[in-house]
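Next come the chains, spelled out residue by residue.
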Amino acid sequence: MITRVLLFAAARDACGDWIEVDAPEGVTARELVALLAEQFPALEPLLPHCRLAIGEAYAADHATVPPHSEIALIPPVSGG
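Anyway, here's the lowdown on the structure attached to this text. The structure presented is a predicted model; accordingly, all values stated were derived computationally and were not measured.

So, how was this worked out
Residues numbered from 1 in each chain as written. Predicted model: local features only at pLDDT ≥ 70, side-chain atom pairs only at ≥ 80, totals over all residues. Heavy atoms only, no water. Pairing = 2+ DSSP bridges. Helix = DSSP H or I, 4+ residues; strand = E, 2+ residues; numbered from the N terminus. Contact = heavy atoms within 4.5 Å. Axes fitted to C-alpha atoms, helices over the stretch in contact; angles between N-to-C directions. Buried < 20%, exposed > 50% of the residue type's maximum accessible area, 1.4 Å probe, protein only.

1. Comments concerning the sheet that holds strand β4 (residues 57-58)
Overall, mixed pairing links the five strands, which are arranged β2-β1-β5-β3-β4 in an open sheet. Only two strands of the sheet have a single neighbouring strand rather than two, namely β2 (18-22) and β4. The pairing of strand β1 (residues 2-7) with strand β5 (residues 71-74) spans three bridges and is classified as parallel. Across the sheet, the residue bridging to Val5 is Ile71, located in β5. Along the sheet, helix α2 (residues 29-39) makes contact with β1, β2, β3 (51-54) and β5, crossing β2 at roughly 105°.

Quick look at the structure:
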């Protein structure tokens, strides 16, 4: 399945507003992050510092990514 991932901050600078990842059905959040590193090498150094969100909620590593979900790669945030 092709999954669209929204990007923010440095990830957006590296690859644009969003990317499409070719992932098998039933992929977990952890597996999707590994596919991001494989298919988009520019993101690899950023991934250890980012969280994956599925449908507006942070995803646990073992969470399954449902087809047609809204996925976002969220960088660290700070308040001020």
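From this point on, the discussion continues.
2. Considerations on the environment of Met1
Relative to the helices and strands, Met1 resides in the segment before β1. Separated by 52 residues in sequence, Met1 and Ala53 have C-alpha atoms that sit 18 Å apart.

3. A word on the side chain of Thr28
With respect to the element layout, Thr28 can be found in the loop between β2 and α2. For Thr28, a relative accessible area of 18% translates into the label buried. Those residues in contact with Thr28 that lie beyond four places of it in its chain are Asp61, His62, Ala63, Thr64 and Val65.

4. Quick notes on unusual backbone geometry
Although it is not a glycine, Glu56 sits at a positive phi angle of roughly 75°. By secondary structure assignment, the location of Glu56 is in the loop between β3 and β4. Overall, the relative accessible area of 76% leaves Glu56 in the exposed class. A positive phi angle is found at His68, which is not glycine, with a value near 65°. Mapped onto the secondary structure, His68 falls in the loop between β4 and β5. Take His68: its relative accessible area is 85%, and that puts it in the exposed class.

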